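These are the residues of each chain, in order.
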Number of protein chains: 4
Amino acid sequence: MIIVMAHDATEKDIAEVIKRLEAAGFKTHLSRGVERTIIGAIGDKSRLAEIPLEALPGVEEVIPILQPYKMASRAFRAERTIVQVSEDIAIGGERIHVMAGPCAVESREQLLEAAAQVKAAGATILRGGAFKPRTSPYSFQGLGVKGLEILAEAREKYGLKIVTEVMDVRSLPVVAEYADIIQVGARNMQNFDLLRELGKIDKPVLLKRGLSATIEEWLMAAEYILSGGNFKVILCERGIRTFETYTRNTLDLSAVPIVKHLSHLPVIVDPSHGVGRWQFVPAMCRAAIAAGADGLLVEVHPNPPEALCDGAQSLTPKTFAETMEELRRIAQAVGRKL
Amino acid sequence: MIIVMAHDATEKDIAEVIKRLEAAGFKTHLSRGVERTIIGAIGDKSRLAEIPLEALPGVEEVIPILQPYKMASRAFRAERTIVQVSEDIAIGGERIHVMAGPCAVESREQLLEAAAQVKAAGATILRGGAFKPRTSPYSFQGLGVKGLEILAEAREKYGLKIVTEVMDVRSLPVVAEYADIIQVGARNMQNFDLLRELGKIDKPVLLKRGLSATIEEWLMAAEYILSGGNFKVILCERGIRTFETYTRNTLDLSAVPIVKHLSHLPVIVDPSHGVGRWQFVPAMCRAAIAAGADGLLVEVHPNPPEALCDGAQSLTPKTFAETMEELRRIAQAVGRKL
Amino acid sequence: MIIVMAHDATEKDIAEVIKRLEAAGFKTHLSRGVERTIIGAIGDKSRLAEIPLEALPGVEEVIPILQPYKMASRAFRAERTIVQVSEDIAIGGERIHVMAGPCAVESREQLLEAAAQVKAAGATILRGGAFKPRTSPYSFQGLGVKGLEILAEAREKYGLKIVTEVMDVRSLPVVAEYADIIQVGARNMQNFDLLRELGKIDKPVLLKRGLSATIEEWLMAAEYILSGGNFKVILCERGIRTFETYTRNTLDLSAVPIVKHLSHLPVIVDPSHGVGRWQFVPAMCRAAIAAGADGLLVEVHPNPPEALCDGAQSLTPKTFAETMEELRRIAQAVGRKL
Amino acid sequence: MIIVMAHDATEKDIAEVIKRLEAAGFKTHLSRGVERTIIGAIGDKSRLAEIPLEALPGVEEVIPILQPYKMASRAFRAERTIVQVSEDIAIGGERIHVMAGPCAVESREQLLEAAAQVKAAGATILRGGAFKPRTSPYSFQGLGVKGLEILAEAREKYGLKIVTEVMDVRSLPVVAEYADIIQVGARNMQNFDLLRELGKIDKPVLLKRGLSATIEEWLMAAEYILSGGNFKVILCERGIRTFETYTRNTLDLSAVPIVKHLSHLPVIVDPSHGVGRWQFVPAMCRAAIAAGADGLLVEVHPNPPEALCDGAQSLTPKTFAETMEELRRIAQAVGRKL
């Protein structure tokens, strides 16, 4: 960590900073420039985070040098993590997996129809929300446990794995009982109590990036799960909030190569939430694969104009099937399979 | 709601939209312009939200006309809500209340000292976190129930009320037992399960604006609590995330008059998180009162350089006392008391 | 245009709005809902923009229905515009063109070397700044006219076309004399005097999206050029400013399919400025082509650690050549040539 | 400057960085931590900016320690700059000045009426645009030189000074001839050619913050003017672009104390553009003064619903006069005059 002293910091101010750092067990080194004095501190960064040096007189800025995450970093683990979902499905390997299905489980008929359609087009994992986070208390909130049962029936019938969202620590046990991959939504990326519980179980977790989370904060959220002992974390870019209003969010595809540079964890992309308008979803699916994503999460509904949630961003089964064809060609162009 | 048809929408497309709307019980009216046809829909907006018209062929855009919140709106309640915290403390009336204290309860000594200091300077409510949401799993996570007990002791000793954060539905009962005002942090603004639980209890709730929440989403979060039956909601602006990196967040003071225009709920400001550097907190306290805030939430620590969290943005007791003097003059200038 | 009246608007307020609209030559239609009255206005939108209806009593919101751009829209021109740069180079057709070269022309040697290298790898257009917009007055500001002469020499020698930036109306004549494509930088996207001048000449213009420009504002900037009579406009997405600090900007690849949906103009992508770190440029080049971009603008420097500007985001000639190989495969996968 | 090496940087990489720095005349010092090696560089920062160290192998991050602006910094000039506009009007001293008037000069009658009204309410400087930057080429573009003549007439008649915008280097001479303060709009904050010209003249310049400019970039834009020799620079916060759509921009009032901390230049606030809705302008005027602003720039129109631009954000003369009364009380509360 580097402590930059203000241009009018006194010798006493400088001495006080050094005293504090050394009392906390750090080695320090002082460097006097023409305009600024800076102090470097070497030692255990996690203890350093607790000393609010900015509150000391004469301190202008404290600049962290090390990334705050450990277990999520490539320095901790050089080889790529491959998250084994089942015997034949692994996220992060050569094969790209597409998770598709409706925003919400609305009925047995709707979900089974969607499952048959996405399976036919080549998806290997079925998505569908049973517990739904909705901006309005007056919107459809999901079927709850009944929805999970329907998902399980579809899994059985079509040989798909299922990914579904957990919203609350209280429903985690039942979600974990049914799901093959437990999804943490963007709004819960920093629900630390939930993350801690997910660190204690042995199930793959799909961790969506928060609406306004930096990549560093996202990896810190993963760190909560990893440090609890669960290494089966799949990251999911799903768009960030920006000033642009034409799209629901701005899909940050640069997050894909960056996460792969900083971390060993696999990363997939959700273009449906990323853009929020179905017309642009196929193009962003193609771009995500070209950027190196390990998978996709795509909303597909048997009849989008009847959807109880996110109809505007859902693909029809026909468009989804056509998109899958395009994606196979892109996957091959980047040396992968789909 | 207004449905704007694409310039190349067919008569069939238009007829289909009208058919769907009328089937859902809406009255429609059609307006053909030179370049676009638009369809207006009149009826119960909450049902309309469920029809994903954007997914229909020929629909270019769906524009909501009504605000999605009801009970939080001034149309629902014209007079201002005054949240009674205790017999003599009410938020939203003529008197401005300052809630002050450390980021976290670190020890009995620290908190009692802080309580004495903020009381002496004129604060009426003591803040202090017992359960702390921290970006890093390696940071101090709060004293938990022990912290709540220390807060209760300070309340007793100094005649202050206490505001403290709840992070998780599981700890809500114990937090509600101790707190006079239950704080919902920015990261939990859309933790809908927690909001629903808060709607069922009879305690004032301080609802912080999410890092990237629009004012409308913030009022929708309040709607979750109000629609559950708890009308004691105090909104708290605490800065939003923008591209500016010099400050921790960008304090959006325009939210103060806007919330008062759109809603009957009282609104306070947290300049400490808003700017993240103590040097600028006094100026933003003054500005918040001048903008019409009903109160402030300010971080004050007996010794900021020793703080276990947020030391950089905490005022010393001395600076806090000086700031309170300035605030009294501003309050008077805008016709209020402090 | 739709005028939404406040819930407490009076009959007099409503009558006044209608009076104003009709006086301005608009047809109006009134729709009274349960909670709101709305007024629709049909007529020439450009005149409507001049009536500040929001300033009238009782008006809550004014919602534009039509896109404010005309000539840039697909309603104006259904077929795609192909910008002919020279006899054999056209932007917006089946063939994707890559424009590559250094950020700035630094010397004759540097530019000629770069030109040889990008030509060998398959670029058809050479980029290089002679006039450089720099955040700091103390940074290298470009070689000016001397730089243009060097570019012309490289064009001659390697059979490349050249794209270079104009910063100021005063230097437009000389830039236009040398350049095959005149670049308008992100900071000048709303330099309306410059745009007006570009509307009067007969040269292709590469219009970069502003750092915080919405897609609509970007198309409005194009409208300035088109409405002046110059239809040779190529749009260029180069990243927008968001809260994320790891990247220089956030490359908004969804802008590619969206621009193609809203406009007939071709669109290319500049991943170098979009991410600002060379490591991630190849992945974003691939993603841009997969998303449907008509071309790329890529910074390549013979020796990035010696570059006088943007060294951190410049590819080495070797990495560029490898990337071009990958791009050919992606182009083929999406049915195009490169 | 601090160079952080990647965790897998080799000794050769480290040696190369040091070699480059020393060749450029810097003193270096090496610090080997447990996980990272960092290199400090001491010397003339402006030369350092030219070495793209990030492009060297093994370099993870380059962290600047010094602010890139010099003449705009308080290190350069400790006492506050007071910009003398005329014998009796100075910006940055004890007295707060309010600049008020319409968005655009629309006619002689309109401007003279506005001038009389703002003068009566206590404004000392008249604002009004003669050259108008408009998002749409079809909007009113200003009266040009005719508008400047009308402004001059109003100055004469009412004893006000005038502030008006320059958009283009070509019209700078005529604007400078008429204006007492030359305004640089947000869109031109990084029009470096224009800034350079403003550095050569001896007139006060009002430099608005760009829509997405960081405080540092804003001060760098000021540096262009200062380094040219013109020290009469007044900064103006006018809102930044964020995700919030209810307001036109988000007024960043924390910029006021921050600019005063980092720079010696005076800073004023434009709440009209900051929020974009007249209803909230008075509250933000009060907040700006309470935050420490040296002045205000406020849009006032004799009849906002007839305004040719920005009617929605213009105060009526009556509301403006009432606001001025409130501002006098706030000014007094913070120890200043208005």
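Residues numbered from 1 in each chain as written. Chains lettered and ligands numbered in written order. Predicted model: local features only at pLDDT ≥ 70, side-chain atom pairs only at ≥ 80, totals over all residues. Heavy atoms only, no water.

Labelled according to an unreviewed UniProt entry, chain A appears under the name 3-deoxy-7-phosphoheptulonate synthase, originating from Ammonifex thiophilus.

A. Region of interest: the sheet that holds strand S2 (residues 27-32) of chain A. Residues and elements named next belong to chain A. The strand order S2-S3-S1-S4 describes an open sheet built from four strands, whose pairing is antiparallel. Edge positions in the open sheet fall to S2 and strand S4 (59-63), since each of these has one partner strand only. Averaged over all pairs of adjacent strands, the angle between strand axes in this sheet comes to 20°, irrespective of strand direction. Pairing geometry for S2 and strand S3 (residues 37-42), over six bridges, is antiparallel. Looking at S3, one finds that Lys 27 is bridged to Ile 42. Lying on the sheet, helix H1 (residues 11-23) is in contact with strand S1 (2-5), S2, S3 and S4; it crosses S2 at an angle near 155°. (Pairing = 2+ DSSP bridges. Helix = DSSP H or I, 4+ residues; strand = E, 2+ residues; numbered from the N terminus. Axes fitted to C-alpha atoms, helices over the stretch in contact; angles between N-to-C directions. Contact = heavy atoms within 4.5 Å.)

B. How the structure looks around the pairing of strand S12 (residues 233-237) of chain C. Residues and elements named next belong to chain C. Across the five residues that make up S12, a large majority, five, are buried. Neither face of S12 is open: one carries Val 233, Leu 235 and Glu 237, the other Ile 234 and Cys 236, and all of them are buried. With four bridges connecting them, strand S11 (residues 205-208) and S12 associate as parallel partners. What sits directly across from Val 205, in S12, is Val 233. Pairing of S12 with strand S13 (residues 267-269), which is carried by three bridges, proceeds in the parallel orientation. Bridging from a neighbouring strand, Cys 236 pairs with Ile 268 of S13. Note that the unit made of S12, helix H8 (residues 255-262) and S13 has a crossover that is right-handed. (Buried < 20%, exposed > 50% of the residue type's maximum accessible area, 1.4 Å probe, protein only. Right-handed = clockwise from strand over helix to strand, strands pointing away.)

C. Local environment of the packing of helix H7 (residues 215-228) of chain D against helix H8 (residues 255-262) of chain D. All names here are of chain D. Running from N to C, H7 and H8 point in directions that differ by 55°, and their axes come no closer than 11 Å. Taken together, the axes of H7 and H8 are oblique relative to one another. When the axes of H7 and H8 are compared, the crossing they make is right-handed. Here H7 contributes Ile 215, Trp 218 and Leu 219 to the contact with H8, which in turn contributes Ala 255, Ile 258, Val 259 and Leu 262. A breakdown of the residues in the contact of H7 with H8 according to their chemical character gives seven nonpolar, no polar and no charged. (Parallel < 35°, antiparallel > 145°, perpendicular 65-115°, else oblique. Left-handed = near helix turned anticlockwise from the far one by under 90°. Nonpolar A, V, L, I, M, F, W, Y, C, P; charged D, E, K, R; others polar.)

D. Inspection of the pattern of salt bridges at higher detail. Applying the stated criterion across every chain yields a total of 100 salt bridges over all chains. Residue Asp 202 of chain C pairs with Lys 232 of chain C through a salt bridge whose shortest N-O separation is 3.0 Å. One end of the pair, Asp 202 of chain C, is in the loop between helix H6 (192-198) and S11; the other, Lys 232 of chain C, is in the loop between helix H7 (215-227) and S12, with 30 residues separating them in the sequence. Under the relative-accessibility criterion, Asp 202 of chain C is labelled exposed at 59%. Arg 170 of chain D is paired through a salt bridge with Asp 168 of chain D; the nearest N and O atoms lie 2.7 Å apart. A relative accessible area of 7% places Asp 168 of chain D in the buried class. In the salt-bridge network here, residues are joined through shared partners; they are Asp 168 and Arg 170 of chain A together with Asp 193, Arg 196, Glu 197 and Lys 200 of chain B. (Salt bridge = Lys/Arg side-chain N within 4 Å of Asp/Glu carboxyl O.)

E. Main features of the relation of the copies chain A and chain B. Least-squares fitting of chain A to chain B yields an RMSD of 0.0 Å, with the transformation described by 0.0 Å of translation along the axis and a rotation of 180°. The superposition operator between the copies reduces to a two-fold rotation axis. Residue Ser 212 of chain A, judged by its C-alpha, is the member of chain A lying nearest the rotation axis, at 3.0 Å. A symmetric contact is evident, with 100% of the interface residues of chain A recurring at the interface of chain B. (Least-squares fit on C-alpha atoms with pLDDT ≥ 70 in both.)

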